[in-house]
Amino acid sequence: MMPDAVLIQVPSIDFRTFIGLSHKVLGRSPAASTDACRRELSDAERFLSCLAALRDVRAPVGLSPHLLQHVSFSAFIAADERDMLDILQLCAGLPFVAVETIVRGVQAAVVTGTLAQWRDAVLSGCAKGVPTTVRHCFNKLHGLFTAAGLNVWPDCTTRSSPDQTYLLLEDKRGR
């Protein structure tokens, strides 16, 4: 069985309260930049941009790496029990609940982590030397986060692999 994953929990932010209270204590809205942004933002990106704007009114709209720990996501993952062990090891530090399924040899797990933790786990899971089926799972997670407007790997490139997966390679130049 090829592992599969889906995001089942994304941040739910009460923007009305957050922006209202911030405006009262700051005398300005931390959402000014996001409101003026022409592209569509996910709630997580909008929230992180507003957090950055709390301290710096000129903070750019986007996913500031130092704020990624402020939003959490949960993924439901199903995989062969041998692959699940590798998947959970690559998600080191992320809490999880794993269970046997009614399908013999298949486990399901709900794994939860901050966007910073998921960034690191996906980078580890899309590395050279990771078994194909396990890398397939992390490729899926990478695609899910990216499709949700949460590309926290802008300094990485993808390289196709002969096994129909891809490697996510970190560009360490300029660091």
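The structure under discussion appears in the preceding block.
Quick caveat, the model's predicted, so the values are computed rather than measured.

Trainee: Now, about the sheet that holds strand E4 (residues 106-114): what can you tell me, with residues and values included?
Mentor: Strand order in the open sheet formed by 4 strands is E1-E2-E4-E3, with antiparallel pairing between adjacent strands. Strand pairing shows two members of the sheet lacking a second neighbour, strand E1 (4-9) and strand E3 (96-100), which therefore form its edges. Each neighbouring strand pair of the sheet contributes to a mean axis angle of 20°, computed without reference to strand direction. As paired elements, E1 and strand E2 (residues 72-80) share 5 bridges and run antiparallel to each other. Counterpart to Asp-4 in the pairing with E2 is Ala-78. Contacting E1 and E2, helix H6 (residues 132-147) runs over the sheet at an angle of about 35° to E1.

Trainee: Give a description of the pattern of salt bridges that names residues and reports values.
Mentor: Close approach of charged atoms allows side chains with opposite charge to pair. In this structure the tally under the stated criterion is 6 salt bridges. With a shortest N-O distance of 2.6 Å, Lys-140 and Asp-4 are connected by a salt bridge. Of this pair, Lys-140 sits in helix H6 while Asp-4 sits in strand E1, and the two are 136 residues apart along the sequence. With relative accessibility at 31%, the residue Lys-140 sits in the partly exposed group. Its relative accessible area of 38% is what places Asp-4 among the partly exposed residues.

Thresholds, definitions, all that
Residues numbered from 1 in each chain as written. Predicted model: local features only at pLDDT ≥ 70, side-chain atom pairs only at ≥ 80, totals over all residues. Heavy atoms only, no water. Pairing = 2+ DSSP bridges. Helix = DSSP H or I, 4+ residues; strand = E, 2+ residues; numbered from the N terminus. Axes fitted to C-alpha atoms, helices over the stretch in contact; angles between N-to-C directions. Contact = heavy atoms within 4.5 Å. Salt bridge = Lys/Arg side-chain N within 4 Å of Asp/Glu carboxyl O. Buried < 20%, exposed > 50% of the residue type's maximum accessible area, 1.4 Å probe, protein only.

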